[in-house]
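Observations on chain architecture
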Amino acid sequence: MRKAWKKARLLFHTYRLIPFLVGFFCSHEIPLSKKMTYVLIIFAYFVFPFDLLPDWLGIFGIFDDVAIFMWILQKMIKASPHHLKRKYGV
């Protein structure tokens with residue numbers, strides 16, 4: 001239950017992740033290859049709009065977009081150094 005709460009909290013506080021994302025991409029501790037991988041994943045997701053559920057299904061169509069976005073953010077948070085996580089409270 002605690003893990004689900006952390007994911008829900010992350011969803012509602014995504015606006016607070018903007019400084020974290022800037023810090024993530026400006027950090028010298030994270031290899032350039034890892035940064036480029038995340039940039040390519042995000043770029044590919046917007047260029048190739050593959051949806052598990054079509055967007056015309058309303059809230060259900062948006063759910064898969066949000067789920068993929070949250071998955072990418074969670075992977076970026078796990079890949080970041082501990083001091084960066086503490087600094088931005090993620």
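A brief report on the enclosed structure follows.

Reading guide: rules and limits
Residues numbered from 1 in each chain as written. Predicted model: local features only at pLDDT ≥ 70, side-chain atom pairs only at ≥ 80, totals over all residues. Heavy atoms only, no water. Phe/Tyr/Trp six-rings, centres within 6.5 Å; stacked < 30°, edge-to-face > 60°. Axes fitted to C-alpha atoms, helices over the stretch in contact; angles between N-to-C directions. Helix = DSSP H or I, 4+ residues; strand = E, 2+ residues; numbered from the N terminus. Parallel < 35°, antiparallel > 145°, perpendicular 65-115°, else oblique. Left-handed = near helix turned anticlockwise from the far one by under 90°. Contact = heavy atoms within 4.5 Å. Nonpolar A, V, L, I, M, F, W, Y, C, P; charged D, E, K, R; others polar.

Some remarks on the packing of aromatic side chains
In total, this model carries 4 aromatic pairs according to the counting rule given. Arranged with centres 5.2 Å apart and planes meeting at 85 degrees, the rings of Phe24 and Phe25 form a pair that is edge-to-face. Ring pairing ties together the aromatic residues Phe20, Phe24, Phe25, Tyr38 and Tyr88, which thus form one cluster.

Quick look at the packing of helix α2 (residues 17–26) against helix α4 (residues 59–79)
As a packed pair, α2 and α4 sit with axes 11 Å apart at the nearest point and diverge in direction by 55 degrees. When the interaxial angle is binned, α2 and α4 end up oblique. You can see that α2 and α4 cross each other, and the crossing is left-handed. Residues Leu17, Phe20, Leu21, Phe24 and Phe25 of α2 lie in contact with α4, whose contacting residues are Leu73, Met76, Ile77 and Ala79. In terms of residue class, the contact of α2 with α4 is made up of 9 nonpolar, no polar and no charged.

Concerning the packing of helix α3 (residues 32–47) against α4
Where α3 meets α4, the axes come as close as 11 Å, and the angle between the chain directions of the two elements is 175 degrees. If you check the angle between α3 and α4, you find them roughly antiparallel. Residues Lys34, Tyr38, Ile41, Ile42 and Tyr45 of α3 touch α4, and the partners they reach there are Asp64, Asp65, Ile68, Ile72, Lys75, Met76 and Ala79. Here the residues of the contact of α3 with α4 sort into 8 nonpolar, no polar and 4 charged.

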